[in-house]
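Residue-level listing of the chains:
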Amino acid sequence: MIRLQTPPVDIRLETRGEVSLGAPDYARAKVLAVIERLDEPVLAARVKLTQEANHAILKPALAQVVIDLNGLPVRAHVAAATMREAVDLVQERLAARLARIRQHTDLRRHHAVPPAGSEAWDGAARRGHRPHHRHRAPEDRRIVRHKTYSLSRQAVWAAVLEMEAMDYDFHLFTEAGAGRDSVVYRDEGTGDLHLACAGPAEPEPERGLSVSTARVPELALAEAVARIDLTGLPFLFFTDVATGRGNVLYHRHDGHFGLITPAR
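Q: Any chance you could explain the overall build of the protein chain here in plain terms?
A: Per the secondary structure count, the protein chain includes four helices and 14 strands. Looking at the protein chain as a whole, 43% of its 264 residues qualify as buried. Counted over contacts in the protein chain with a minimum sequence separation of 6, partners at least 24 positions apart contribute 49%. Looking at the protein chain as shown, the accessible area adds up to about 14300 Å², and 52% of this sits on carbon and sulfur atoms.

Q: I'm lost on the pairing of strand 3 (residues 61-69) in this one. Help?
A: Regular strands place side chains that alternate from one sheet face to the opposite one. In terms of burial, strand 3 is a largely internal element, eight of the nine residues being buried. Relative to strand 3, strand 2 (residues 42-51) runs antiparallel, the two being bridged by nine bridges. By the bridge assignment for strand 3, Ala44 is matched with Asp68. For strand 3 and strand 4 (residues 72-80), the ladder comprises nine bridges, and the chain directions are antiparallel. Bridge pairing in strand 4 links Val66 to Arg75.

Q: Honestly, helix 3 (residues 156-165) in this entry has me stumped. Any pointers?
A: For an α-helix the count is 3.6 residues per turn, leaving residues at separations of three or four pointing the same way. Burial within helix 3 is extensive, with nine of its ten residues counted as buried. Every buried residue of helix 3 is listed here: Val156, Trp157, Ala158, Ala159, Val160, Leu161, Met163, Glu164 and Ala165. Following helix 3 by one or two positions, Asp167 adopts a phi angle in the positive range, close to 60 degrees.

Q: Could you clarify how one ought to interpret the packing of aromatic side chains in this entry?
A: Each aromatic ring pair is characterised by the separation of its centres together with the angle its planes make. Under the counting rule described, the total for this entry stands at three aromatic pairs. Measuring from centroid to centroid gives 5.7 Å for Phe170 and Tyr250, while their planes differ by 55 degrees, and the two rings are tilted. Taken as a pair, Phe170 in strand 7 (residues 170-175) and Tyr250 in strand 13 (residues 246-251) lie far apart in primary sequence, 80 residues in all. Residue classification places Phe170 among the buried positions, given a relative accessible area of 12%. Here the aromatic rings of Tyr185 and Phe235 are separated by 5.4 Å at their centres, their planes lie at 75 degrees, and the arrangement is edge-to-face. Here Tyr185 is found in strand 8 (residues 181-186), whereas its partner Phe235 is found in strand 12 (residues 235-240), with 50 residues between them in sequence. Ring-pair connections join several aromatic residues into one group, and the members of that group are Phe170, Tyr185, Phe235 and Tyr250. Here the guanidinium or amino end of Arg84 rests over the ring plane of Tyr26, the centre of that ring lying 4.0 Å away.

Q: Looking at this model, I keep getting lost on the pattern of salt bridges. Mind explaining?
A: Pairs may arise between side chains of opposite charge once their charged atoms sit close together. Under the definition given, this model contains twelve salt bridges. Between Arg215 and Glu218 there is a salt bridge; the shortest N-O distance is 3.4 Å. Several salt bridges converge on common partners, so that one network encompasses Arg93, Arg97, Arg100, Glu164, Asp167 and Arg186.

Q: I would appreciate a short explanation of the sheet that holds strand 1 (residues 11-16) in the present structure.
A: What links the strands of a sheet is backbone hydrogen bonding, and the strands pair in either a parallel or an antiparallel sense. What the four strands build is an open sheet, ordered 1-2-3-4; its pairing is mixed. In this open sheet, the two strands that pair with only one neighbour each are strand 1 and strand 4. Adjacent strand axes in the sheet meet at a mean angle of 10 degrees, parallel and antiparallel pairs treated alike.

Q: Which parts of the structure should I look at to understand unusual backbone geometry?
A: Among all residues except glycine, the phi angle is most often negative; among peptide bonds, the trans geometry is most common. Even without a glycine there, the phi angle at Asn70 is positive, about 50 degrees. Within the secondary structure layout, Asn70 lies in the loop between strand 3 and strand 4. You will see that Asp167, though not glycine, has its phi angle at about 60 degrees, which is positive. On the secondary structure map, Asp167 appears in the loop between helix 3 and strand 7.

Q: How should I be thinking about the environment of Glu92 in this particular structure?
A: Here Glu92 is to be found in helix 2 (residues 83-109). What makes Glu92 exposed here is its relative accessible area of 52%. Between the C-alpha atom of Glu92 and that of Val31, which follows or precedes it by 61 residues, the distance is 9.6 Å.

The rules we used
Residues numbered from 1 in each chain as written. Predicted model: local features only at pLDDT ≥ 70, side-chain atom pairs only at ≥ 80, totals over all residues. Heavy atoms only, no water. Helix = DSSP H or I, 4+ residues; strand = E, 2+ residues; numbered from the N terminus. Buried < 20%, exposed > 50% of the residue type's maximum accessible area, 1.4 Å probe, protein only. Contact = heavy atoms within 4.5 Å. Areas by Shrake-Rupley, 256 points an atom, 1.4 Å probe, with all protein chains shown as cover. Pairing = 2+ DSSP bridges. Phe/Tyr/Trp six-rings, centres within 6.5 Å; stacked < 30°, edge-to-face > 60°. Lys NZ or Arg CZ within 6 Å of the ring centre and 35° of its normal. Salt bridge = Lys/Arg side-chain N within 4 Å of Asp/Glu carboxyl O. Axes fitted to C-alpha atoms, helices over the stretch in contact; angles between N-to-C directions.

Given below as C-alpha cells:
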C-alpha cells in the first residue's frame, strides 16, 4: 500500500506547574511518532503536561493528549511519578486507544462485538496509571463543574466506542432503541463493560457487556450528593426528580464533584 504524504500536524502544547524544560519537546516527538503511523488524517493535536506542586502525591506528573482523527476526537490521560514516564505512558495509551478504535470499526463492519476477555478491550490494567483523586473532607466538597449538553442518540456500542476513544470512565448518552438516558462504564476492578438505563423497563440484553437490572434511583441533587458521599462510588447515575432526565454526578481528581446534565 502506498501511503499518501500528509502535511505535518501542528501540535498545541500546554504546560502547568514546574514542568521540566525538555519535557514539551519530548512529548511532541512521542505524539508525532504515533500520528505518523496512522493512515487516517489527523486534523489537530493538543498535549497538556501538568506537574502537581503537592509532593505528597505519589504520581504528580500528568500527561494528556487529544487528537482529532478525521473528525473523531481521541484522548489519552495518564499519571506517573516523573514527567518522562508520564509521556512514555501517554504515548502507549494513545496508540492503544487508536488500535481499539480500529478493532471496534472492524467489528462493526462484520456486525460483531468484542469477545469477553479480549485483551484489547480489557480496561482493568489501565487503572494503575490513572490520576489519583485528591482526598477532601465531605463537608468541603463542592460541585465545581456543571456540564450541560444535548445527549447523543446512539446505539450502545457506538457509545462504548466514544467512551473508549475519549478515555472516559463512563459515558452518558440516549440509547437509540428505546430513547432512554443511559450510561456505559467499565468496572474498576475487572474492566468489564456495563450498561445502565433510566426508566421503569429493564434494558434489552447486550452481547459483550453486562446490563444492570437495578432501578436507576430518582433523586434530587442534594440527595445524589449525600448518596455518593455515603457509598464512595466514583460516579452516580440518577434520574433528576425535577427534570426526569438521567444525570451523572462524579468525583473529580481535585476532590470536588462534577455534574453532567442533558440539555432540555
